[in-house]
Amino acid sequence: MGAFNTVRSEQTCASCGRLSAFQVQYKYGELWQYEYQIGDSIAWSTKYKKSEAGKPGRPQVVVEGIAENCPHCRAEGGEFEVWLAHDQIVDVRPLTDPKKFIESNFIVPEKH
Ligand SMILES: [Zn+2]
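Residues numbered from 1 in each chain as written. Predicted model: local features only at pLDDT ≥ 70, side-chain atom pairs only at ≥ 80, totals over all residues.

Moving on, we come to the nonpolar core. Grouped together as the largest cluster of nonpolar side chains are 17 residues, with contacts concentrated most on Val7, Val24, Val63, Val82 and Leu84. Among the secondary structure elements, those contributing two or more residues to this core are strand S2 (19-26), strand S6 (61-67), strand S7 (79-85) and strand S8 (88-94). Each residue touching valine 24, except ones within four places of it in the same chain, is listed here: Thr6, Val7, Ser9, Gly65, Ile66, Ala67, Phe80, Val82 and Val92. (Core = buried A, V, L, I, M, F, W, Y, C linked by C-beta atoms within 7 Å. Buried ≥ 20, exposed ≤ 12 C-beta atoms within 10 Å, placed from the backbone. Helix = DSSP H or I, 4+ residues; strand = E, 2+ residues; numbered from the N terminus. Contact = placed C-beta atoms within 7 Å.)

Encoded structure:
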């Protein structure tokens, strides 16, 4: 199991229906068990290049996220999308398309 970071996100639990503070694990930026909130800017490693994923400064990135168990009922939290803009965490949303992260654990939306 490699290193990852987490972002805290209020989501309604699909199992117990309560609004719960899920810790969503994802891998992007420097991977060092950082515990972020939405709105935080993520860190990039300056020394250990292998302990990071992605590239700094991208205008928009969507990263695969796996929620830890519900703090109330312990049900599995499910899958999420962690949205970043210019290295700031801007949103955490339930995964819309299970096929989205088959090739990579993060995607860079194409410009239109
Ligand atoms: Zn629950």
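Read on, since the account is not over.
Despite not being glycine, glutamine 33 shows a phi value in the positive range, around 55°. Along the chain, glutamine 33 turns up in the loop between strand S3 (29-30) and strand S4 (35-37). Unusually for a residue other than glycine, arginine 74 sits at a positive phi of about 65°. Within the secondary structure, arginine 74 sits in the loop between S6 and S7. Owing to 12 C-beta atoms within 10 Å, arginine 74 belongs among the exposed residues under this scheme.

As a further point, take the pairing of S8. Looking along a regular strand, one sees the side chains alternate between the two faces of the sheet. Relative to S8, S7 runs antiparallel, the two sharing six bridges. Residue pairing in the sheet places leucine 84 in a bridge with isoleucine 89 of S8. The loop that links S7 with its antiparallel partner S8 comprises two residues; one of these, histidine 86, has a positive phi angle of about 50°. (Pairing = 2+ DSSP bridges.)

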